[in-house]
Amino acid sequence: MLQSFFRCVDIPCVVIHGISKGVTYDVGDVMSREKHCNSWNAVYVENTWRLVHCHWASRSARGYYSGNWVTVDCPEFRFNDVEGESRSYIVSSLINDYYFFTDPAIFIHKCFPFDERWQLLSKKLTKEEFETCPFLQPAFFALNLGLVDEKLSCVLYTREKFVLRIRMPLGAVDRLRFSYNLYRLRNSWDEGEYDYPSLERFTLHYCVRDIAFFEVRFPPLSNGDYKLQIFCSDDQICLPSEWICDFRIVCEKGMDVSVPLPVVPQIGWGRNPELAKHGITAVSHTDGYYSLDNDSLVFEFVFPAEAESHAELLKHKCSRSEYADYVTVERDGVNVCVKAEAPCSGEFALQIFCQQGGGLGYVNVMNYLLKRSVFAEVGEKYEGLLCLI
C-alpha cells in the first residue's frame, strides 16, 4: 500500500523482504524465514534511500511475551501481572515515528534484509551478527542511552552474578527513571510445575553518576536461562513505549553462598521522584550504592522546615532496632545530616524517611545500599554484634 501511494506521486519506493525481531521473536532466538519473515519499505527522498516500517509505526509494543517465561522479579509492574504468568505481547495504537526514515545503523537492530544492499550500511552485518546484536528498542535510542560495553551480545553467559551497565546522557541523569522485569525460562522437563524461587532479594538496580547498573545475584541452585527486560522514562519526553531492551542471561552456576538484600524498597535505591514530591534535596549523595570501608559516611539533605526526618540502618535477618546506635540524624534548620557506620562486614540498607507537618506517618523518600567488605575493629560498641557477622 505504501509503495502504491508513493508511486502515485512519483516518489521511488520499493518493498524490502527480510527477517525481523518482531512479535514472534524471543531474545536469543536463532532466526528463520518461516518464523521471522517480514517486509518494509525504502523510499527515495532528498537524493537518498530512507527506511520506513509503516506497520510498526502505527503501533507500539511494551514487550513481547511468548508464554515461555515465568516472572521471578518484577518490582514496579507486579500489580499488573498474574503471579507466575507471562502475558502475550502488549501493543498500543500510539504512532511510533521511530520507524519513519530511521537511521540504518539503528534500523538494523530490528530488521535484516535478505538483500544486504538494503542494509544501507557501509559495513554490512551477517545474519549471525544480526542475531547476536543487543535487542534494543526505539526508546533506547530516543533517550540517547548507550551500553558501557558496546560489544555485548543479546545472550550473555555468566556464573554467580551478572551486571549490566547502561550509560545515561549527563543532562538527563536526574530525569531518567528505570525499572525492570526478570523472567526465568520454563523447562520442558518440569512437567507443568513452574514455581521457581523468587529472585526479588537478589536483584537490584542503582545508579552511580551517569551509569545505571542492573545486578542479578544468582543464589545456589538457580542456574538456568533468564530474560532481563528493562524500561526507562524521561519526564520531559513522551514515549510511545518505555521498553528499552531485553537481554538473555544464561547462569551456568549459582553462588555457593549468597546473602539476600537487607530490604527491597518500593522506590528503589538512590535518586527517585519521592524526594521532589516531598520538597527534599539530596545535597551530598544521590547514587544508590556506596562503600563503608573508609569508616562512616555523612549524607546531607535539605528538608522542608515543617517536615520531620528519620533514618534507619538495616541488615538482612536483623530487626530495625538492631543497628539504631550506628545511624544518627542531626538537624540545623532545614539542613539534615545523616551519619551511618557499619560495625561489621556485609551489606546494609540506609533508609531515609520524611513526615510532613500534620502527616500520620513517615514516608520512605531515599534508600542507599552500603557495603563494608572489611571487618570493623572490635571495641566495646561492637562486642554485642559479633555474633551477627
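A quick note: this is a predicted structure, and the numbers were derived from the prediction, not measured.

Caption draft 1: Local environment of empty space enclosed by the protein. Per the counting criterion, the structure on display carries 1 cavity of 30 Å³ or more. Here the largest cavity defines a volume of roughly 40 Å³. The wall of the largest cavity is formed by Trp40, Leu51, Pro104, Phe107, Ile108, Cys111, Pro113, Trp118 and Gln119. Those elements that provide at least two residues to the lining of the largest cavity are helix H4 (104-107) and strand S8 (111-113). Here the residues of the lining of the largest cavity sort into 8 nonpolar, 1 polar and no charged.

Caption draft 2: Spotlight on the nonpolar core. By size, the foremost hydrophobic cluster in this structure holds 38 residues, and its most contacted members are Leu164, Ile166, Phe178, Ile230 and Ile244. Residue assignment for this core shows that the elements contributing at least two residues are strand S5 (69-73), helix H6 (138-142), strand S12 (161-167), strand S13 (176-185), strand S15 (211-217), strand S16 (224-234) and strand S17 (243-253). Ranked by residues supplied to this core, first place goes to S17 with 5 residues. When near neighbours in sequence (up to four residues on either side) are disregarded, leucine 164 contacts Leu147, Leu152, Ala212, Phe213, Phe214, Leu228, Ile230 and Phe247. Membership of the second largest hydrophobic core comes to 29 residues, among which are Leu313, Val327, Ala342 and Ile352.

Caption draft 3: Up close: the environment of glutamate 330. By secondary structure assignment, the location of glutamate 330 is in strand S22 (residues 327-332). Distance in space between the C-alpha atoms of glutamate 330 and serine 309 is 9.3 Å, their sequence separation being 21 residues. If sequence neighbours within four positions are ignored, glutamate 330 has contacts with Asn335, Val336 and Cys337.

Caption draft 4: Summary view of the environment of tyrosine 362. Residue placement: tyrosine 362 occurs in the loop between strand S24 (346-355) and strand S25 (363-372). Accessibility expressed as a relative area gives 42% for tyrosine 362, which makes it partly exposed. Dropping the residues within four chain positions of it, tyrosine 362 is found in contact with Glu308, Ser309, His310, Phe353, Cys354 and Gln355.

Caption draft 5: View of the sheet that holds strand S19 (residues 289-291). The sheet built from 4 strands is open, its strands ordered S19-S25-S24-S21 with mixed pairing. Of all strands in the sheet, those with a lone pairing partner are S19 and strand S21 (308-314), marking the two edges. For this sheet the average axis-to-axis angle between neighbouring strands, irrespective of direction, equals 25°. Direction of pairing for S21 relative to S24: antiparallel, over a ladder of 7 bridges.

Caption draft 6: A look at unusual backbone geometry. Even without a glycine there, the phi angle at glutamate 46 is positive, about 50°. Topologically, glutamate 46 is positioned in the loop between strand S2 (37-45) and strand S3 (48-52). A positive phi angle, close to 55°, is found at phenylalanine 101, a residue other than glycine. Checked against the element boundaries, phenylalanine 101 lands in strand S7 (residues 100-102). With relative accessibility at 34%, the residue phenylalanine 101 sits in the partly exposed group.

Caption draft 7: Just the confidence of the model for the protein chain, in detail. Per-chain confidence: the protein chain averages 87 in pLDDT, with 86% of residues scoring 70 or above. Residue range residues 77-89 is modelled with pLDDT below 50. Its contacts to residues more than four positions away, or to other chains, number 28 contacts. Contacts of residues 378-389 to residues separated by more than four positions or lying in other chains number 21 contacts, the stretch itself having pLDDT below 50.

Caption draft 8: Here's a closer look at the environment of arginine 165. Looking at the element boundaries, arginine 165 is found in strand S12. Taking the C-alpha atoms as reference points, arginine 165 and glutamate 215, 50 residues apart in sequence, are found 8.8 Å from one another. Not counting residues up to four positions away in its chain, the partners in contact with arginine 165 are Gly146, Leu147, Val148, Ile211, Ala212 and Phe213.

Caption draft 9: Here's a closer look at the pattern of salt bridges. Here the structure, examined in full by the defined rule, presents 16 salt bridges. With its nearest N and O atoms 2.7 Å apart, the salt bridge here joins arginine 217 to glutamate 215. For arginine 217, a relative accessible area of 8% puts it in the buried group. The network of salt bridges with common partners includes Lys161, Glu215, Arg217 and Glu347.

Caption draft 10: Structural context of the sheet that holds S15. Strand order across the open sheet formed by 4 strands is S10-S12-S15-S14, with antiparallel pairing between neighbours. Of all the strands in the sheet, the pair left with one neighbour each is strand S10 (146-147) and strand S14 (203-208).

Caption draft 11: A look at the packing of aromatic side chains. Inspection of the entire model under this criterion finds 21 aromatic pairs. Ring geometry for tyrosine 323 and phenylalanine 348: centres 5.4 Å apart, planes at 85°, overall edge-to-face. Pair noted here: tyrosine 323 is in the loop between S21 and S22 and phenylalanine 348 is in strand S24, with a separation of 25 residues, a long-range link. We classify tyrosine 323 as buried; its relative accessible area is 0%. Aromatic ring contacts, followed pair by pair, group Tyr290, Phe299, Phe301, Phe303 and Tyr368 into a single cluster. Between the NZ or CZ atom of arginine 33 and the centre of the ring of phenylalanine 114, over which it lies, the distance is 3.8 Å. For lysine 110, the ring lying beneath its charged end belongs to tryptophan 56, and the centroid distance is 5.0 Å.

Conventions adopted
Residues numbered from 1 in each chain as written. Predicted model: local features only at pLDDT ≥ 70, side-chain atom pairs only at ≥ 80, totals over all residues. Heavy atoms only, no water. 1 Å grid on protein atoms, 1.4 Å probe; cavity = no way out; pocket = protein on both sides within 12 Å on 5 of 7 lines; lining within 4 Å. Points joined across faces, edges and corners; volume = space filled by probe spheres on them. Helix = DSSP H or I, 4+ residues; strand = E, 2+ residues; numbered from the N terminus. Nonpolar A, V, L, I, M, F, W, Y, C, P; charged D, E, K, R; others polar. Core = buried A, V, L, I, M, F, W, Y, C linked by side-chain atoms within 4.5 Å. Buried < 20%, exposed > 50% of the residue type's maximum accessible area, 1.4 Å probe, protein only. Contact = heavy atoms within 4.5 Å. Pairing = 2+ DSSP bridges. Axes fitted to C-alpha atoms, helices over the stretch in contact; angles between N-to-C directions. pLDDT = per-residue confidence, 0-100. Salt bridge = Lys/Arg side-chain N within 4 Å of Asp/Glu carboxyl O. Phe/Tyr/Trp six-rings, centres within 6.5 Å; stacked < 30°, edge-to-face > 60°. Lys NZ or Arg CZ within 6 Å of the ring centre and 35° of its normal.

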